[in-house]
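# Structural characterization, general
Spelled out, the chains give:
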Amino acid sequence: MAVEIEASWLKILHDEFEKDYMIKLKQFLKEEKDAGHKVYPKGSDIFYAFNHTPFDNLKAVILGQDPYHGANQAFGLSFAVQKGITVPPSLKNIYKELQTDVSGFTIPNHGDLTKWADQGVLLLNATLTVQAGKPGSHQKKGWEIFTDTVIRKISEEKEGVVFLLWGKFAQAKSELIDDQKHYILKAAHPSPYSADNGFFGCKHFSKTNALLSSQNKTPIDWQIE
């Protein structure tokens with residue numbers, strides 16, 4: 001696995017790529033490939049979120065758990081899918097919430113959230129790869145150590161970042177975040193199984209922009225064209 005990660009991230013994460021867990025993770029991914037297993041996303045997209053949201057530009061974090069495991073879905077952004085792929089149920093619910101929360105938002109016909117990433121929203125999955133057709137198959141292989149480190153580094157070295165934590169898994173990561181320096185917004189997961197129990201009506205998108213504006217930071221344009 002070649003490390004293709006944006007320079008400001010590489011500066012703060014450089015040591016991680018030499019640690020034992022990462023060496024074992026690279027070996028695991030090589031073994032998956034050698035065994036003929038298809039892994040998503042493709043290698044050049046594993047760090048897509050980092051490459052489109054430099055550490056220096058980071059304003060907000062939306063935390064997911066696992067990449068999508070279907071063909072052509074995952075490309076390195078949590079909750080997002082490539083253009084031309086059916087918008088998944090959780091993202092449909094995110095769009096529904098945006099429509100009621102952000103004035104003028106219209107629901108797009110695709111799930112590519114790169115526009116958010118380019119504005120400083122880190123769309124981070126806790127696990128960055130998955131075997132095709134096998135959800136959760138790359139959990140506990142080392143990725144969580146890496147992404148927990150990412151969250152800690154953001155907490156330690158940035159100020160005023162807005163963390164959007166949806167569901168119990170994401171909310172458990174709040175222990176890695178200094179809530180005296182940053183803003184933590186919690187809600188139910190946007191999955192159809194839980195969205196009615198506290199995701200709908202959370203207004204996290206307008207709240208994020210209000211918090212950014214209060215720091216004289218440019219708000220996020222949530223509209224996806």
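Here is a short report on the structure shown in this document. (Residues numbered from 1 in each chain as written. Predicted model: local features only at pLDDT ≥ 70, side-chain atom pairs only at ≥ 80, totals over all residues. Heavy atoms only, no water.)

### Considering the overall build of the protein chain
Rules: Numbering of helices and strands runs from the N terminus; a helix is a DSSP stretch of H or I covering at least four residues, while a strand is a stretch of E covering at least two. Our radius of gyration is a C-alpha quantity, and the globule rule it is checked against amounts to 2.2 Å times the number of residues to the power 0.38.
Helix and strand counts for the protein chain stand at eight helices and six strands. Reading the protein chain from its N end, one meets helices and strands in the order α-α-β-α-β-α-α-β-β-α-β-α-β-α. For 225 residues, the compact-globule estimate of 2.2 N^0.38 gives 17 Å, and the protein chain sits close to it at 17 Å. Considered along the principal axes of its C-alpha atoms, the protein chain spans approximately 50 × 35 × 30 Å.

### Quick look at the sheet that holds strand β6 (residues 183-187)
Strand-to-strand pairing in sheets goes through backbone hydrogen bonds, with the strands running parallel or antiparallel. Under the convention used in this document: What makes two strands pair is DSSP finding at least two bridges between them. Axis lines are fitted through C-alpha atoms, for helices just across the contact stretch, and the angle between N-to-C directions can take any value from 0 to 180 degrees.
The strand order β3-β2-β5-β6 describes an open sheet built from four strands, whose pairing is parallel. The two strands at the open ends of the sheet, each matched to only one other strand, are β3 (121-125) and β6. Direction aside, the axes of adjacent strands within the sheet are offset by 20 degrees on average. Looking at chain direction, strand β2 (residues 60-64) and strand β5 (residues 162-166) are connected through three bridges and run parallel. Opposite A60, over in β5, you have V162 as the bridge partner.

### Looking at the pattern of salt bridges
Rules: A pairing counts as a salt bridge when a side-chain nitrogen of Lys or Arg comes within 4 Å of a carboxyl oxygen of Asp or Glu. Burial classes follow relative accessibility: with a 1.4 Å probe on protein chains only, a residue under 20% of its type's maximum area counts as buried, one over 50% as exposed, and anything between as partly exposed.
The tally for this structure, following the rule as stated, stands at five salt bridges. Measuring nitrogen to oxygen at the nearest pair gives 2.8 Å for the salt bridge that ties K19 to E16. Using a relative accessible area of 5% as the deciding quantity, one classes E16 as buried. For K30, the salt bridge is made with D34, and the minimal N-O distance between the two is 2.9 Å. Placement of both K30 and D34 in helix α2 (residues 20-34) is noted, with a separation of four residues, approximately one turn of the helix.

### What to know about the nonpolar core
Rules: Throughout, nonpolar core names a set of buried Ala, Val, Leu, Ile, Met, Phe, Trp, Tyr and Cys residues whose side chains join them through atoms within 4.5 Å. Working rule for contacts: check all heavy atoms of both residues, and any pair within 4.5 Å makes them a contact.
W9, F50, L113, W116, F146 and I154 are the most contacted members of the largest nonpolar core, which totals 70 residues. Excluding residues that lie within four positions of it along the chain, F146 makes contacts with L13, E16, F17, Y21, M22, F47, F50 and L128.

### Structural notes on the packing of α2 against helix α6 (residues 143-157)
Let me state the cut-off plainly: Relative orientations are named as follows: roughly parallel for angles under 35 degrees, roughly antiparallel for angles over 145 degrees, roughly perpendicular for angles from 65 to 115 degrees, and oblique for any other angle. Basically, the charged four are Asp, Glu, Lys and Arg, the nonpolar ten are Ala, Val, Leu, Ile, Met, Phe, Trp, Tyr, Cys and Pro, and anything else, Gly included, counts as polar.
One can describe the packing of α2 onto α6 by two numbers: an axis separation of 9 Å at closest approach and a directional angle of 130 degrees. Taken together, the axes of α2 and α6 are oblique relative to one another. In this structure, α2 uses Y21, M22, L25 and L29 to contact α6, whose residues at the interface are W143, I145 and F146. Considering only residue class, the contact of α2 with α6 consists of seven nonpolar, no polar and no charged.

### Considering the pairing of β3
Counting buried residues in β3 gives five out of five residues, a clear majority hidden from the surface. Going residue by residue along β3, you find V121, L123 and N125 tucked away on one face and L122 and L124 tucked away on the opposite face as well. Here β2 pairs with β3 via five bridges, running parallel. When the bridges of β3 are listed, A60 appears paired with V121.

### Comments concerning unusual backbone geometry
For the bond from Y40 to P41, the omega torsion is -10 degrees, close enough to zero to count as cis. Mapped onto the secondary structure, P41 falls in the loop between β1 (39-40) and α3 (48-52). Even without being glycine, F79 reaches a positive phi, approximately 70 degrees. Locating F79 in the fold gives a position in the loop between β2 and α4 (89-101). One non-glycine residue, N216, adopts positive backbone phi at about 60 degrees. For N216, the location among the structural elements is in the segment after α8 (204-214). Residue N216 is classed as exposed on the basis of its relative accessible area of 76%.

### Some points on the environment of I154
Assignment of secondary structure puts I154 in helix α6. The exposure class of I154 is buried, given its relative accessible area of 0%. When the C-alpha positions of I154 and D112 are compared, they lie 24 Å apart, and in sequence the two are 42 residues distant. With near-sequence residues (within four places) excluded, I154 lies in contact with W9, F55, L58, V61, L122, V161, F163 and H182.

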